Amino acid sequence: MAELQLKSVEKMYGNGFKAVHGIDLDVKDGEFMVLVGPSGCAKSTTLRMIAGLETISGGEIRIGDRIINDLTPGKRGIAMVFQNYALYPHMKVRKNLSFGLKLKRKPKDEIEASTGEVSGILEIDELLDRLPKQLSGGQAQRVAVGRALIKSPEVFLFDEPLSNLDAKLRASMRVRITDLHKRLRDEGRPATVIYVTHDQVEAMTMGDRICVMKDGHIMQVADPVTLYEKPANAFVAGFIGMPEMNLADAELTMDGTPKLTLAGQTISAPADLSARLNAAPGPVTLGIRPQHMTIETDGAADAFSGVIHNIEFMGHEVNVHVTIGDAAFIAVVPTEKFDLKLQRGDRVGLRPTGVQMHIFDRASGENVSLAE
Amino acid sequence: MTAMPQISADTLANMEKQRRRARISSTFRYSLLIIVGLIMVYPLVWMFGASFKTNAEIFSSPSFWPKEPTVQGYIDGWKTSTPYTFAKFFMNSMMIIIPKMIGTAISCTLVAYGFARFDFPFKKIIFSTVIATLLLPNVVTRIPQYLLFRDIGWLDSFLPLWVPSALAGDAFFVFMLIQFLRAIPRDMEEAARVDGANTLQTLIYIVVPMLTPALISVCLFQFMWTMNDFLGPLIYLSSVENYPISLALKLSIDTTEAFAWNQILAMSCLALAPSLIVFFMAQKYFIEGISTGGVKG
Ligand SMILES: Nc1ncnc2c1ncn2[C@@H]1O[C@H](COP(=O)(O)OP(=O)(O)OP(=O)(O)O)[C@@H](O)[C@H]1O
Ligand SMILES: [Mg+2]
């Protein structure tokens, strides 16, 4: 079975730069795992170590029960789709697809049958006799996926496969790839997928589970809902969600009930938050998603008072930028609940609803509001 | 209201004047270029014309047009003053050029691939050494090379002409291929490795096809340079039966007391033919090869 395991895997580049700092990751058989993180966080490096295109400086990678550290890429049972397609420019689509099988000396009729099947699934039958330079970006990417699919690998690796496509095509390719994954699962030959992206929409919509990385460390591995509702630390909280979660330095005090002080204003923590809180009083980072704040009149109870410095009207909702002391907040409110007479410079109260409100340890960034 | 047509008439006249000036200037420019071009190509034209003249006429008139055209120069020149016809010398030239070209293409590809795609100990030093030999004047190595080949016993054979090139001795070609390879992204090769190709298969099935334009330029350069090479064969080949064209042309000057210039010119014209034919056949790839390697590298 094609389970993929990384055990304290490290990568040190030739120039002495340590890109990956001992990461552990278990990907279950047939799981769609997304690696996501900002640019330079070593997503590609990790993927290329799994593929065998980079040496592994420390630790161990297993596929099924085989340790693959020292196997050549061709022997690992993987297939990879590259960001810029990497089709062989001098070969027709048909040969591009069958190149891997030819190298394995598969019989001709078997190769032909596989080519036919794969091109049917990806709707590239009409393109088989074209050269890569005669394909559009979307078509080329489908051929690239076909070239991976035809090998029926145990593990599929994708490195930002959609980032060269325009937004519309990206959306349709996204669905196509997840559909393909489901289809393989339904046909009883589930494929394990590692999918690298820096686009959180791709990550949230495609992944069974998501692995958020930063500077060569794994920050959290979880399914999309958990990742969104219970971010393990301030980094994940800020990375996932649109617009970004508001993060601000605050002071936690406990006189009877927990209280939060921000820019000299103190409010009692909402009940929802108090129940989850597992923190000692002191300096903390306060996190609230823009969708979980309401705009009140200035002076309302348990609301921070701030000044509107920008209003973005989006149609069905309004992004209200409010400054509280030095901290900039964004609140997203449905248009029908927003008083359209409000203007830049007006003073308003910003009240956290308590849902999706998090307290992070100031020093470590750990989420200390996840107690059951 | 009345001013409007007035202005546009003026502008029209102006435009007409500008257009005329542009036409005059381009006529002038092209005439100049054509004249300079003709001056440069004239010796070649003259040679071609003179090859149809009699020996006496060559020195009597500077015009390139033969008064009494004759192919006697070609007939006599082809026979040569040696026991062999010129065909033998053409054959010898090909015997030198073709293995040398193939050897160069293979060896330089291997070396360039190694330098462009792999890391190995002392790579920097070794690469600098290769490039340094580019800067070394050719003559410096002539004598040591000669002594070496004499001790091995390869004198008066084609081996000293083949072997250095077949061992990637032409640093220029290695350099050219490396530059070209650097401009090709590695993704395709990585994809091939993931597809299960080993290093050699990657080279043959993926890299070489992508390198083709550059390889054609390499072969062309090697063809032309070897065709024109005089010193190499002169040093290593001593028996007439091994002479390539470049030496054979000189031969007719050496052995006849009264130089038969018309024969020499006739054979020179023939000697030009292979290079020209090959060049025009491969021109498209040739230009592509040089420019891609140069610009993107
Ligand atoms: N060959 C190399 N030598 C040295 N350092 C490298 C090398 N390749 C990558 N790095 C460094 O390793 C880190 C991780 O790079 P990597 O390409 O894995 O990032 P990434 O997460 O894929 O980023 P992106 O989203 O931009 O593709 C970066 O800081 C990069 O500068
Ligand atoms: Mg990357």
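Residues numbered from 1 in each chain as written. Chains lettered and ligands numbered in written order. Predicted model: local features only at pLDDT ≥ 70, side-chain atom pairs only at ≥ 80, totals over all residues. Heavy atoms only, no water.

**Student:** Can you explain the domain arrangement of chain A? Please cite residues and give values.
**Tutor:** Residues and elements named next belong to chain A. Domain annotation of chain A identifies domain 1 (4-237) and domain 2 (244-361). Its C-alpha centre places domain 1 at a distance of 40 Å from the equivalent point of domain 2. The interface is formed by 8 residues belonging to domain 1 together with 7 residues belonging to domain 2. Carbon and sulfur atoms make up 57% of the area that domain 1 and domain 2 hide from each other, which totals about 610 Å². Among the residues of domain 1 in contact with domain 2, Tyr 228, Ala 234 and Ala 237 are the three that bury the most area, contributing 70% of the side total. Summed over the shared surface of domain 1 and domain 2, the result is 0 salt bridges. (Domains from an automatic or database assignment. Contact = heavy atoms within 4.5 Å. Buried area = accessible area lost by both parts, 1.4 Å probe. Salt bridge = Lys/Arg side-chain N within 4 Å of Asp/Glu carboxyl O.)

**Student:** Break down the sheet that holds strand S20 (residues 357-361) of chain A for me, citing the residues and quoting the values.
**Tutor:** Residue and element names in this part refer to chain A. One open sheet accounts for 5 strands, arranged S13-S12-S11-S14-S20; its pairing is antiparallel. Since the sheet does not close on itself, it has two edges, and those belong to strand S13 (265-268) and S20, each with one partner. The mean angle between the axes of side-by-side strands here comes to 40°, regardless of whether they run parallel or antiparallel. Across 7 bridges, the pairing between strand S11 (residues 246-255) and strand S14 (residues 282-288) is antiparallel. Paired with Leu 247 across the bridge in S14 is Gly 287. (Pairing = 2+ DSSP bridges. Helix = DSSP H or I, 4+ residues; strand = E, 2+ residues; numbered from the N terminus. Axes fitted to C-alpha atoms, helices over the stretch in contact; angles between N-to-C directions.)

**Student:** Residue-level account of the sheet that holds strand S2 (residues 18-27) of chain A, with values.
**Tutor:** All names here are of chain A. With respect to topology, 4 strands assemble into an open sheet ordered S2-S1-S4-S5, the strand pairing being antiparallel. Of all the strands in the sheet, the pair left with one neighbour each is S2 and strand S5 (66-67). Bridge analysis of strand S1 (residues 4-12) against strand S4 (residues 58-63) gives 5 bridges, and the strand direction is antiparallel. In the sheet register, Lys 7 faces S4, and the bridge partner there is Glu 60. Helix H1 (residues 43-51) rests against S1, S2 and S4 of the sheet, and its axis sits at about 115° to S1.

**Student:** So, the environment of Phe173(B): which residues are in play, and what are the values?
**Tutor:** Residue and element names in this part refer to chain B. Locating Phe 173 in the fold gives a position in helix H8 (residues 171-182). On a C-alpha basis, the gap between Phe 173 and Ala 105 in space is 8.6 Å, while along the polypeptide they are 68 residues apart. Excluding anything up to four places from it in sequence, Phe 173 contacts Thr 104, Cys 108, Val 218, Phe 221, Gln 222 and Trp 225.

**Student:** Give a detailed account of the domain arrangement of chain B, specifying residues and quantitative values.
**Tutor:** One frequent convention defines the size of an interface as the accessible area lost when the parts assemble. Residues and elements named next belong to chain B. What the domain assignment lists for chain B is domain 1 (17-72) and domain 2 (81-293). With centres defined by C-alpha atoms, the gap from domain 1 to domain 2 works out at 33 Å. Counting each side, the surface lost to burial between domain 1 and domain 2 is near 750 Å², with a carbon and sulfur contribution of 76%. Three residues stand out in domain 1 for area buried against domain 2, namely Met 47, Ser 51 and Asn 55, and they jointly supply 57% of the buried area on that side. At the boundary of domain 1 and domain 2, one finds 2 residue pairs in polar contact (both at pLDDT 80 or more). Listed by contribution, the elements that provide at least two residues to the side of domain 1 that touches domain 2 are helix H1 (3-50) and helix H2 (55-60). Considering each element in turn, the side of domain 1 that touches domain 2 owes the most residues, 5 residues, to H1. Looking at the side of domain 1 that touches domain 2 residue by residue, the class counts come to 7 nonpolar, 3 polar and 1 charged. (Polar contact = N/O pair within 3.5 Å; in protein donor to acceptor, adjacent residues only side chain to side chain. Nonpolar A, V, L, I, M, F, W, Y, C, P; charged D, E, K, R; others polar.)

**Student:** If you had to explain the state of the cysteines to someone new, which residues and values would you point to?
**Tutor:** All chains considered together, the criterion is met by 0 disulfides over all chains. You can see Cys211(A) has no disulfide; the closest cysteine sulfur is in Cys41(A), sitting 8.8 Å from it. On the basis of relative accessible area, Cys211(A) is assigned to the buried category, the value being 0%. Among the cysteines around Cys219(B), which has no disulfide bond, Cys108(B) carries the closest sulfur, lying 9.5 Å off. (Disulfide = S-S within 2.5 Å. Buried < 20%, exposed > 50% of the residue type's maximum accessible area, 1.4 Å probe, protein only.)

**Student:** Would you mind going over the pattern of salt bridges in detail, with residue names and values included?
**Tutor:** By the definition in use, this model includes 23 salt bridges over all chains. The partner of Asp195(B) in a salt bridge is Lys151(A), and the shortest N-O contact between them spans 3.4 Å. Here Asp195(B), found in the loop between helix H9 (187-194) and helix H10 (199-228), pairs with Lys151(A), found in the loop between helix H4 (137-149) and strand S7 (155-159), and the two come from separate chains. Accessibility classification places Asp195(B) together with Lys151(A) in one group, the buried group. A salt bridge links Asp249(A) to Arg362(A), with the shortest nitrogen-to-oxygen separation between them at 3.6 Å.

**Student:** Tell me about the UniProt feature "domain: ABC transporter" (unreviewed entry) in chain A, residues and numbers included.
**Tutor:** Taken from the UniProt record, the annotation "domain: ABC transporter" (unreviewed entry) applies to residues 4-240 of chain A. For the annotated span residues 4-240 of chain A, helix accounts for 36% and strand for 25% of the residues, and the straight-line distance between the end C-alpha atoms is 25 Å. (UniProt positions renumbered as here; feature names shortened; annotations may be inferred.)

**Student:** Describe the layout of surface pockets, with residues and values.
**Tutor:** The computed volume of the largest pocket comes to approximately 1100 Å³. Lining the largest pocket are 38 residues, and of these Leu53(A), Arg117(B), Phe118(B), Arg186(B) and Arg193(B) sit closest to its centre. Within the residue set of the lining of the largest pocket, elements represented by two or more residues are S1 of chain A together with helix H4 (86-117), helix H5 (123-135), H9 and H10 of chain B. The biggest single contributor to the lining of the largest pocket is H4(B), with 4 residues. (1 Å grid on protein atoms, 1.4 Å probe; cavity = no way out; pocket = protein on both sides within 12 Å on 5 of 7 lines; lining within 4 Å. Points joined across faces, edges and corners; volume = space filled by probe spheres on them.)

**Student:** Would you mind going over helix H6 (residues 138-152) of chain B in detail, with residue names and values included?
**Tutor:** Residue and element names in this part refer to chain B. In this model H6 runs 21 Å from its N-terminal to its C-terminal C-alpha over 15 residues, within 8% of the 21 Å that 1.5 Å per residue would give. Largest kink in H6: about 25°, centred on Pro 144. One or two steps after H6, the chain reaches Gly 153, where phi turns positive at roughly 90°. (Expected span 1.5 Å × (residues − 1). Bend = angle between axes of the 7 residues up to and from the residue.)

**Student:** Please give an account of the UniProt feature "transmembrane region" (unreviewed entry) in chain B that cites residues and values.
**Tutor:** All names here are of chain B. In this numbering, the UniProt entry assigns the feature "transmembrane region" (unreviewed entry) to residues 27-49, 89-113, 125-149, 161-181, 202-225 and 259-282. Here residues 202-225 is 100% helix and 0% strand, with 31 Å between the C-alpha atoms at its ends. Between the C-alpha atoms that bound residues 259-282 there is a distance of 36 Å. The span itself is 92% helix and 0% strand.

**Student:** Residue-level account of the site of ligand 1, with values.
**Tutor:** All names here are of chain A. For ligand 1, the full set of nearby residues is Tyr 13, Asn 15, Phe 17, Ala 19, Ser 39, Gly 40, Cys 41, Ala 42, Lys 43, Ser 44, Thr 45 and Glu 160. The separation between a nitrogen atom of ligand 1 and a polar side-chain atom of Tyr 13 is 3.3 Å. In this structure, Glu 160 approaches ligand 1 through a side-chain N or O atom, which is 3.3 Å from an oxygen atom. When isolated, ligand 1 has an accessible area of 630 Å², and the protein chains bury 62% of it. For the shell around ligand 1, the element with the most residues is H1, which contributes 3 residues. Looking at the shell around ligand 1, its residues break down into 5 nonpolar, 5 polar and 2 charged. (Near = heavy atom within 4 Å. Areas by Shrake-Rupley, 256 points an atom, 1.4 Å probe, with all protein chains shown as cover.)

**Student:** I'd like a description of the pairing of strand S9 (residues 209-214) of chain A, backed by residues and values.
**Tutor:** Residues and elements named next belong to chain A. Taking burial as the measure, the 6 residues of S9 include 5 buried ones, the bulk of the element. As paired elements, strand S3 (residues 32-36) and S9 share 4 bridges and run parallel to each other. Bridge assignment links Val 36 to a residue of S9, and that residue is Val 212. Bridge count for S9 against strand S10 (residues 217-222) is 5 bridges, and the pairing is antiparallel. When the bridges of S10 are listed, Lys 214 appears paired with His 217.

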